[in-house]
Structure formats: C-alpha cells, structure tokens
Amino acid sequence: QVQVQESGGGLVQPGGSLRLSCAASGITEIKTLSWFRQAPGKQRELVATLMNGGVTNYVESVRGRFTISTDNAKDTVYLQMNSLKPEDTAVYYCNVYWLSRDYWGQGTQVSVSS
C-alpha cells in the first residue's frame, strides 16, 4: 500500500526558512516527485518537481529560493524554502507520480507572517 506523509510546516517570519519533508512508502520504482501548494481561495499550483535523472523544475515565483531534493534511497523528498514571503503561505502537498497514478499526502500548513 502506498503512503505519502508530509511534515515540517509551521509559522515563520518573512525572510525565514523552513524545510518540508515527505516520506513515501510502498513505492519501489522510478517516479516523479513534486510539491504543490494551495492558498486560501486559490487553485492548487505546482511548486517544484524532481524527475528521474535529477532534472528539476520550479514555478517562477519560487525559483532561486526553494530547492527540491531527495535522500539516497529516493523515498524521502524535501523542499528547502528560503527567503520566505507572505505570499508563500499555503498548504503544501507532496505528490508522487508512479506507474501512471498520483499519490498525495494530507498536506502541511506553511504560514509566513510577522
């Protein structure tokens, strides 16, 4: 059974940093790992993707501030978020795309406020 679990959200001041983690279990093959976010009243948007081979993509608004990475076993994906802004406030979701299916975590709240 596939399980996806995020952690690491919280409240941070503008300019601060957070690191989100996502543990994926029950997956043993090559996959695409992504972070999405959804702010109140807005659609869910793709923030960062890590594809097979290490290729990464970021939405323009976070490029240069956020970094997506995995551990050696590739069953944990991280999102390092630096220079956070109030507009980064959202629920962040981990997504694993594997064998033509999407698997989602329950989300973790990130709030950026002074």
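Everything here concerns the structure above.
Computed from a predicted model, the values in this text were never measured in an experiment. (Residues numbered from 1 in each chain as written. Predicted model: local features only at pLDDT ≥ 70, side-chain atom pairs only at ≥ 80, totals over all residues. Heavy atoms only, no water.)

Student: Tell me about the pairing of strand E10 (residues 101-104), residues and numbers included.
Tutor: The pairing of strand E9 (residues 90-98) with E10 spans four bridges and is classified as antiparallel. What sits directly across from Tyr97, in E10, is Asp102. The hairpin turn running from E9 into E10, its antiparallel successor, is two residues long, and Leu99 in that turn takes a positive phi close to 50 degrees. (Pairing = 2+ DSSP bridges. Helix = DSSP H or I, 4+ residues; strand = E, 2+ residues; numbered from the N terminus.)

Student: Give me the lowdown on the packing of aromatic side chains, citing residues and values where you can.
Tutor: This model, assessed by the stated rule, comprises two aromatic pairs. Considering the side-chain rings of Trp98 and Tyr103, the 6.3 Å spacing of their centres and the 45 degrees angle between planes classify their relative orientation as tilted. Of the residues examined, Trp98 reaches a relative accessible area of 11% and is grouped as buried. For the cation-ring pair, Arg44 lies above Tyr93, with the distance from its terminal atom to the ring centre recorded as 3.7 Å. Just above the ring of Trp104 sits the side chain of Arg44; from NZ or CZ to the centre is 4.7 Å. (Phe/Tyr/Trp six-rings, centres within 6.5 Å; stacked < 30°, edge-to-face > 60°. Buried < 20%, exposed > 50% of the residue type's maximum accessible area, 1.4 Å probe, protein only. Lys NZ or Arg CZ within 6 Å of the ring centre and 35° of its normal.)

Student: Mind laying out the sheet that holds strand E1 (residues 3-7), listing which residues take part and the relevant values?
Tutor: Read across the sheet, four strands follow the order E1-E3-E8-E7 without closing on themselves; strand pairing throughout is antiparallel. Two strands lie at the open edges of the sheet, namely E1 and strand E7 (66-70), each paired on one side alone. When the angles between neighbouring strand axes are averaged without regard to direction, this sheet yields 15 degrees. (Axes fitted to C-alpha atoms, helices over the stretch in contact; angles between N-to-C directions.)

Student: Lay out the nonpolar core with the relevant residues and their values.
Tutor: Among the nonpolar cores identified, the biggest contains 30 residues, and Trp35, Phe66, Ile68, Leu79, Met81, Tyr92 and Val96 are the most heavily contacted of them. For this core, the elements supplying multiple residues, two or more each, are strand E3 (18-25), strand E4 (32-38), strand E5 (45-50), E7, strand E8 (76-81), E9 and strand E11 (108-112). Top element by residues in this core is E9. It accounts for five residues. Filtering out sequence-adjacent residues up to four positions away, Ile68 remains in contact with Leu33, Ser34, Trp35, Ala48, Thr49, Leu50, Thr56, Tyr58, Val77, Tyr78 and Leu79. (Core = buried A, V, L, I, M, F, W, Y, C linked by side-chain atoms within 4.5 Å. Contact = heavy atoms within 4.5 Å.)

Student: Report on the environment of Thr108, specifying residues and quantitative values.
Tutor: Structurally, Thr108 can be placed in strand E11. In this structure the C-alpha to C-alpha distance between Thr108 and Gly10, which are 98 residues apart in sequence, comes to 8.0 Å. Sequence-distant contacts of Thr108, defined by excluding residues within four places in its chain, comprise Glu6, Ser7, Gly8, Gly9, Leu20, Ala90, Val91 and Tyr92. A polar side-chain atom of Thr108 sits 3.2 Å from the main-chain amide nitrogen of Gly9. (Polar contact = N/O pair within 3.5 Å; in protein donor to acceptor, adjacent residues only side chain to side chain.)

Student: Residues and numbers for unusual backbone geometry, please.
Tutor: Even without glycine at this site, Leu99 takes up a positive phi of about 50 degrees. Inspection of the secondary structure puts Leu99 in the loop between E9 and E10. By relative accessible area, Leu99 is classed as exposed at 55%. In this structure, Ser100 is a non-glycine residue whose phi angle is positive, near 65 degrees. Examined against the element boundaries, Ser100 turns out to sit in the loop between E9 and E10.

Student: Account for the state of the cysteines, with residues named and values stated.
Tutor: As enumerated under the stated definition, the model contains one disulfide in all. Shown here is the disulfide that connects Cys22 with Cys94, its sulfur atoms set 2.1 Å apart. Disulfide Cys22-Cys94: torsion about the S-S bond near -80 degrees, hence left-handed. Remark: Cys94 occurs in strand E9 and Cys22 occurs in strand E3; sequence separation between them is 72 residues. Neither Cys22 nor Cys94 differs from the other in exposure class; each is buried. (Disulfide = S-S within 2.5 Å.)

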